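Secondary and tertiary structure notes
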Amino acid sequence: MTTEVPTKTQITVASVLPVQDAAEPLERGDGKQRKGLWQSRLIRVASVAAAVGLWQLLTVNNVRAGLRFDTLPTVTEIIAEFGKHLGSHQYYLDVAQSLIRIVTGFGLAAVVGVLAGIGLGRSRLLADVFGPLTELARPIPAIALVPVAILMFPSDESGMVFITFTASVFPVLVSTRHAVRALPTVWEDAVRTLGASRVGVLVRVVFPGILPGVFSGLSVGMGVAWICLISAEMISGRLGVGYRTWQAYTIVDYPAVFVGMITIGILGFGTSGIVELAGRRITRWLPREVSE
């Protein structure tokens, strides 16, 4: 009895055919996913456009239905004022000043919050010494520390950075601490069995394992940082978007007030998006939920 040995050509063709058959459903799935993504984007744009159109309709017709829309500027007035601001050097100076404060304060908070969260999560001694102090300070609103910042720091700029840092450090710290405590102990035991040192455990197990929790805290911290920074700029600032928005309110320039509000929203949206994008890139090894 003789056995036929498949030739090289036969092996190649047989191995290619199943791959081609399997690729077709994948291509269809990718097409559906892209279509769903574009639909989602269109819905989001349409929702914003609908809100803007409703605002224009209510303000142009001076509607009073519980809320006094007749006292608010129209969309066209806000757009015209926005155009004036975009042509002003002062506008870009205020935006840059606020961004510098956010980047400095939030960057310090990210480093301190992650390191402190890891320490509190892994060391019982550190948790016993600094844990109660952290829980006592955490409920205090950062904006309530403005008088303390004025007294402690020699310049308004350092006080603004301190307020931003205080606002964003606690969300990062708490998320990191919870992420460390939620790590399965079997991961660390397995690495130690293979001979890893304490530093090796941190590098190979702790840091990769807590990244999703860390970036959740960073996203929350960024939003809180903007809230407290703008409030601090309104109270004791000399430059910045918050300061300029409050100045517009004091001189009853309501279109300029809304320009400031829109600018704050755009800056917050952009910086939060950068944090989220960085988190997705760094944790791309995580499984993602695919929408149908």
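Here is a short report on the structure shown in this document. Just so it is clear, the structure is predicted and the values come from calculations on it, not from any experiment.

1. Focus on the packing of aromatic side chains
- Taken as a whole and judged by the stated rule, the model has seven aromatic pairs.
- Where Tyr-91 meets Tyr-92, the ring centres are 5.5 Å apart and the plane angle is 80°; that geometry is what we call edge-to-face.
- A residue is classified by how much of its surface remains accessible, and Tyr-92, at 44% relative accessible area, is partly exposed.
- Through a chain of ring-to-ring contacts, the aromatic side chains of Trp-55, Phe-69 and Phe-258 assemble into a single cluster.

2. Re the pattern of salt bridges
- The tally for this structure, following the rule as stated, stands at seven salt bridges.
- Here Asp-70 ties to Arg-64 by a salt bridge, and the two come within 2.8 Å at their closest N and O atoms.
- Under the relative-accessibility criterion, Arg-64 is labelled exposed at 55%.
- Where Glu-233 meets Arg-101, a salt bridge forms, and the shortest distance between an N and an O atom there is 2.7 Å. Of this pair, Glu-233 sits in helix α8 (residues 198-236) while Arg-101 sits in helix α3 (residues 89-122), and the two are 132 residues apart along the sequence.

What counts and how
- Along each chain, residues carry numbers from 1 onward, in the same order as the chain's sequence is written.
- Note on the predicted model: pLDDT of at least 70 is required for a residue's local features to be given, and 80 or more for side-chain atom pairs to be given and counted; whole-chain, interface and lining totals, by contrast, use all residues.
- Hydrogens and water molecules were not included; the side-chain quantities draw on all heavy atoms of the structure.
- Only rings of Phe, Tyr and Trp enter the pairing, Trp through its six-membered ring, and a pair is recorded when the two centres are within 6.5 Å. The plane angle decides the type: under 30 degrees is stacked, over 60 is edge-to-face, the rest tilted.
- Only protein chains enter the area calculation, which uses a 1.4 Å probe; residues under 20% of their type maximum are buried, those over 50% are exposed, and those in between are partly exposed.
- Salt bridge, as used here, is a side-chain nitrogen of Lys or Arg placed within 4 Å of a carboxyl oxygen of Asp or Glu.
- The numbering of helices and of strands both runs from the N terminus, where a helix is a DSSP run of H or I of at least 4 residues and a strand a run of E of at least 2.

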